[in-house]
Amino acid sequence: MIPKTYDHRKEVFSEIVAVMSQYRHLEPVLDRFGNMYNIPLCLWLEESYPRTPPICYVKPTKEMMIVSGNHVNSNGQILLPYLDEWRHTKCDLHSLIQVLMAVFGETPPLRMRPVFNDGSSRELMSLTGTVPVSYRGNVYNIPVCLWLLDTYPYNPPICFVKPTSAMMIKTGKHIDANGKIYLPYLHEWKHPQSDLYGLIQVMIVVFGEEPPVFSRPTTQPPYQAFQATGPPNLVTQAILILEGLLILPQGVLHSTLLSLQSLLWVGPSRDGTIGEDTIRASLISAVSDKLRWRMKEEMDRAQAELDALKRTEEDLKKGHQKLEEMVSRLDQEVAEVDRNIDLLKKKDEELTEALEKMENQSENNDIDDVIVPTAPLYKQILNLYAEENAIEDTIFYLGEALRRGVIDLEVFLKHVRLLSRKQFQLRALMQKARKTAGLSDLY
């Protein structure tokens, strides 16, 4: 099921199985990455509306590109026969949106900017389903889609929130208007410390503090076209800006406007008309509010990335300090080893000289002159030990003589008796001397 383009198929398969065992509402899906179904629009209502048609544009985000064609030019202006044939008695905004949804459902006017450097699209694995999120004591199932690149797990997944028809995306620090998820966990992704299970756990915690979607209002008043007899001196003099998103999910067209992000309504002046300065001030105010909102969103996102970078910097500083300490200890150990090597070389030279000196003098030296005790007591112990071993050797050779018939048994027993008495006396005296010298017992 996993495409052969994946470099680490076994690891991807094992992680998917582990995640599915914990979250049974997630299932693997093989699809082509990059389809875009949320179409941002801007409908300008001139002061002569509804007798003249709106001026319609698509407003791509920074992640989108305009696809010019029969219905959209390169500037994003929408060109439809419905607008050319506009009649205020038969046409209204509700019908216009229905036409836009039908036309764009067949030929979308926008597409996502290429994810891959060569601009191609590829079949990728994704985990699609819901994750349970606890919010204010209740558990909600948040629909998500995690796209696994063919370089996964060494590169993080591309994550989206996929709202149903009964939900609306709530943009914030971690979610943009297209539902893309931004988390420090994704920015700091590092295999093998990071995996899908840990990512979902982080999503549950983050979404529990700031839900990425909210319920769409269940009841909405029907959209009424503005009539020329509407509020006095308002519709006929002011310009209205309706901005929002057309949702075009796979194979399904929704017939509702997702949101009205900006609505400018200018009141009448004292003489019952609206001046150009008032309209201009209203437009500037609305644009300023929208820019401030967008700026705040970008600043929050940048702040989250900055916080992640600061944490990474702190970790790197700690690691650098540990490395410096390790290098310092290694330098000290190397210096100590060098000193020991020099000392061993000196001792080796001294031993070599001593051996050469002793080899030169060995022919003329008497063994009794070579071994000289440092104290009279030690000399006495040495003599006693030597004499006792001499008696031991004598008794041995007497036994050999008896065995060979050189001496008879009577002579053997007589000498052995005398030598054994002498040996006992020597051992007793040697034991006393060793005790006086503070040496351990020999027997």
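Structure report, in brief. Since the structure is predicted, the reported quantities are computational estimates derived from the model, not experimental observations. Throughout, a residue's number is its position along its own chain's written sequence, starting from 1. Side-chain atom pairs in this predicted model are given and counted only at pLDDT of 80 or more, local residue features only at pLDDT of at least 70, and totals for whole chains, interfaces and linings cover all residues. In computing side-chain values, all of the structure's heavy atoms are included and hydrogens and water are not.

## A word on the overall build of the protein chain
- Of the regular secondary structure elements, the protein chain holds nine helices and 11 strands.
- A simple rule labels every residue: compare its accessible area, found with a 1.4 Å probe on the protein chains alone, to the largest value its type can have, and call it buried under 20%, exposed over 50%, or partly exposed in between. Buried positions account for 31% of the 443 residues belonging to the protein chain.
- Any two residues whose heavy atoms approach within 4.5 Å at even a single point are treated as in contact. Taking contacts inside the protein chain between residues at least 6 apart in sequence as the whole, the part at least 24 apart equals 64%. Secondary structure elements follow DSSP: runs of H or I no shorter than four residues count as helices, runs of E no shorter than two count as strands, and numbering proceeds from the N terminus.

## Quick word on the nonpolar core
- Among the nonpolar cores identified, the biggest contains 39 residues, and Leu-199 and Phe-207 are the most heavily contacted of them.
- Excluding its chain neighbours within four sequence positions, the residues that come into contact with Phe-207 are Val-133, Ile-142, Val-144, Val-161, Ile-175, Ile-181 and Pro-212.
- Core analysis: the next-biggest nonpolar cluster, separate from the first, contains 21 residues, Val-72, Ile-78, Leu-80 and Leu-110 among them. Only buried residues count toward a nonpolar core. Its members are Ala, Val, Leu, Ile, Met, Phe, Trp, Tyr and Cys residues joined through side-chain atoms within 4.5 Å.

## Comments concerning the packing of aromatic side chains
- Only Phe, Tyr and Trp rings are paired, with Trp represented by its six-membered ring, and only when their centres lie within 6.5 Å; those with planes under 30 degrees apart are stacked, over 60 edge-to-face, the remainder tilted. For the coordinates displayed, the defined rule picks out five aromatic pairs.
- Between the aromatic rings of Tyr-82 and Trp-86, the centroid separation amounts to 5.9 Å while the plane-to-plane angle is 90°, which identifies the pairing as edge-to-face. Trp-86 matches Tyr-82 in its accessibility class, with the two residues each being buried.
- When the ring of Tyr-152 is compared with that of Trp-189, the centres are 5.8 Å apart and the planes differ by 50°; the resulting orientation is tilted. A residue pair is termed long-range when its members are at least 10 positions apart, and Tyr-152 in the loop between strand S7 (138–148) and strand S8 (158–161) and Trp-189 in the loop between helix H4 (184–187) and helix H5 (196–209) qualify at 37 residues. Across this residue pair, the class does not change: Tyr-152 and Trp-189 are buried.
- Among the aromatic residues, those joined into a cluster by ring pairs are Tyr-49, Tyr-82 and Trp-86.
- To sit over a ring, a charge needs its Lys NZ or Arg CZ within 6 Å of the ring centre and within 35 degrees of the ring normal. Across the ring face of Tyr-182, the terminal group of Arg-301 is positioned such that the distance to the ring centre comes to 4.4 Å.

## Focus: the pattern of salt bridges
- Salt bridge criterion: a side-chain nitrogen from Lys or Arg within 4 Å of a carboxyl oxygen from Asp or Glu. In total, this model carries 10 salt bridges according to the counting rule given.
- Close ionic contact of Glu-188 with Arg-311 constitutes a salt bridge, the shortest N to O distance being 3.5 Å. Taken as a pair, Glu-188 in the loop between H4 and H5 and Arg-311 in helix H6 (residues 276–361) lie far apart in primary sequence, 123 residues in all.
- With a relative accessible area of 34%, Glu-188 lands in the partly exposed category.
- Overlapping salt bridges, with partners in common, bring together Glu-297, Glu-298 and Arg-301 in one network.

## Here's the deal with the state of the cysteines
- When two cysteine sulfur atoms lie within 2.5 Å, the pair is treated as a disulfide. Inspection of the entire model under this criterion finds zero disulfides.
- Free of any disulfide, Cys-145 has its nearest cysteine sulfur in Cys-159, 8.6 Å distant.

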